[in-house]
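The residues making up each chain are set out below.
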Amino acid sequence: MIISGKELALKLKQEMAGEVKTFPAKYGRVPHLVVILVGEDAGSISYVKGKAKASEEVGIKNTTIRKPETISEEELLQIIADLNADDTVDGILVQLPLPRHINEDRVIEAIDKSKDVDGFHPGNVAALWQKQPCVLPCTPKGIIKMLRTAGVEIEGKNAVVVGRSNIVGLPVAKLLLDANATVTITHSRTKDLGEVTRRAEILVVAIGRPKFVTPDMVSDGTVVIDVGVNRDPETGKLCGDVDFAGIEPKASIITPVPGGVGPMTICCLMENTIECFLRKMEK
Ligand code: NDP
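Residues numbered from 1 in each chain as written. Predicted model: local features only at pLDDT ≥ 70, side-chain atom pairs only at ≥ 80, totals over all residues. Heavy atoms only, no water.

Chemist: Hey, could you go over the site of the ligand for me, with residue numbers and the actual values?
Modeler: Neighbouring the ligand are 22 residues; R164, S165, S188, V229 and T265 lie closest to it. Contact between the ligand and H187: a nitrogen atom at 3.5 Å from a main-chain N or O atom of the residue. Take V229: an N or O atom from its main chain is 3.0 Å from an oxygen atom of the ligand. When the free accessible area of the ligand is taken as 920 Å², the share hidden by the protein chains comes to 71%. Sort the elements by how many residues they give to the shell around the ligand and helix α11 (residues 261–281) lands first, with 3 residues. Residues of the shell around the ligand, tallied by class, amount to 10 nonpolar, 10 polar and 2 charged. (Near = heavy atom within 4 Å. Polar contact = N/O pair within 3.5 Å; in protein donor to acceptor, adjacent residues only side chain to side chain. Areas by Shrake-Rupley, 256 points an atom, 1.4 Å probe, with all protein chains shown as cover. Helix = DSSP H or I, 4+ residues; strand = E, 2+ residues; numbered from the N terminus. Nonpolar A, V, L, I, M, F, W, Y, C, P; charged D, E, K, R; others polar.)

Structure representation (structure tokens):
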């Protein structure tokens, strides 16, 4: 079974659009997401466009602030400070990566925690690990939603996460742990990766290497979630971290790239923006 993140995201966005329509009457306005894009990176431009399109579909107000690569850290921090103080702004997202002269950690920390729709602020990260209310990071949240929708029982399962980044690997592992899976986190120094991945009942791969996970690394019946977004060196087309063609016949469930985790990430960004808006309105 192939889980279409695209179809699930479409359904969830339609449901959110219905909810957002009721907001002007209840709260006097719709949620407002501000996305800051620094520089001209083609990938970042395309991600930001995707976020604006999804906002339009859901009925959320979206403002994209574009700044040149040469913007100083101080100027960027000032823009964020102004947005923090603006009561009509509910969500702030700075598209990563940033130019090297800007300290990403400082920028993320500058965003008001209650407007941090990406869930990257240290306050939200700490709250996640302490099981406190927080904004969940979009990609891990989307993955758990896909598993639940596909009817995958997570509790008691042996889950293996390949990759330990702050934005995907670690928070996915934490959410799987919270759902009572037994979780193994692997990384570039893991000695025999195949030996570990073959024991997975749920395998989440987030490393950023085209078709890195081969069929011999996956056991029959495994649920495979492919987070990677890469260019296939042979065809130039988008592909994931797993060899989809080789693994699909063995997996009980698998996500495609494109059309899998990516659309769910943007969908959860919309959900987080609505959550931040409602938390403020219902205070
Ligand atoms: P990072 O580069 O931050 O992390 C990669 C991780 O993979 C690291 O933990 C690294 O280990 C591990 N790794 C690298 N090589 C190997 C190896 N040979 N064996 C085992 N582990 C290895 O990447 P991200 O987590 O940010 O992103 C991963 C992928 O997911 C990328 O393709 C990215 O584009 C995609 N992505 C997709 C999203 C979506 O919405 N679909 C959202 C975010 C990311 P170590 O820690 O030891 O260096």
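Text resumes after the structure shown.
Chemist: Residue-level account of the packing of helix α1 (residues 5–21) against helix α3 (residues 42–58), with values.
Modeler: Viewed as axis vectors pointing N to C, α1 and α3 meet at an angle of 55 degrees, and their least axial separation amounts to 8 Å. One element, α1, and the other, α3, form an angle in the oblique class. Within the contact between the two elements, α1 uses K13, M16, A17 and V20 and α3 uses A54, E57 and V58. Its residues assigned to classes, the contact of α1 with α3 shows 5 nonpolar, no polar and 2 charged. (Axes fitted to C-alpha atoms, helices over the stretch in contact; angles between N-to-C directions. Parallel < 35°, antiparallel > 145°, perpendicular 65-115°, else oblique. Contact = heavy atoms within 4.5 Å.)

Chemist: How would you explain the sheet that holds strand β3 (residues 91–94) if you had to name every residue and give the values?
Modeler: Taken together, 3 strands build an open sheet; the order of strands is β2-β1-β3 and the sheet is parallel. Either end of the sheet is taken by a strand with one partner, and the two such strands are β2 (61–67) and β3. Averaged over all adjacent pairs, the angle separating strand axes in this sheet is 15 degrees, with direction ignored. Bridge analysis of strand β1 (residues 32–38) against β2 gives 7 bridges, and the strand direction is parallel. Across the sheet, V34 pairs through a bridge with T63, a residue of β2. (Pairing = 2+ DSSP bridges.)

Chemist: Before we move on, could you go through the layout of surface pockets and cite the residues and values that matter?
Modeler: As a volume, the second largest pocket reaches approximately 350 Å³. What lines the second largest pocket is a set of 16 residues, among which I108, F120, V125, N166 and I167 lie closest to the centre. Of all elements in the fold, only α5 (104–110), α6 (122–129) and α8 (169–178) reach the threshold of two or more residues within the lining of the second largest pocket. Here the lining of the second largest pocket is built from residues that sort into 11 nonpolar, 2 polar and 3 charged. (1 Å grid on protein atoms, 1.4 Å probe; cavity = no way out; pocket = protein on both sides within 12 Å on 5 of 7 lines; lining within 4 Å. Points joined across faces, edges and corners; volume = space filled by probe spheres on them.)

Chemist: Tell me about the packing of α3 against α11, residues and numbers included.
Modeler: Their axes nearest at 10 Å, the elements α3 and α11 cross at an angle of 60 degrees. Comparing the axis directions of α3 and α11 gives the class oblique. You can see that α3 and α11 cross each other, and the crossing is right-handed. Between α3 and α11, the contacting residues are G50, K51, A54, S55 and V58 on the first element and I266, L269, M270 and I274 on the second. Across the contact of α3 with α11, the residue classes tally to 6 nonpolar, 2 polar and 1 charged. (Left-handed = near helix turned anticlockwise from the far one by under 90°.)

Chemist: Could you give an account of the sheet that holds strand β7 (residues 223–226), naming the residues involved and the relevant values?
Modeler: Through backbone hydrogen bonds, the strands of a sheet pair up, either in parallel or in antiparallel fashion. Strands sit in the order β5-β4-β6-β7-β10 across an open sheet of 5 strands; the sheet is parallel. What marks the edges here is a single partner per strand, and that holds for β5 (182–186) and β10 (253–254).

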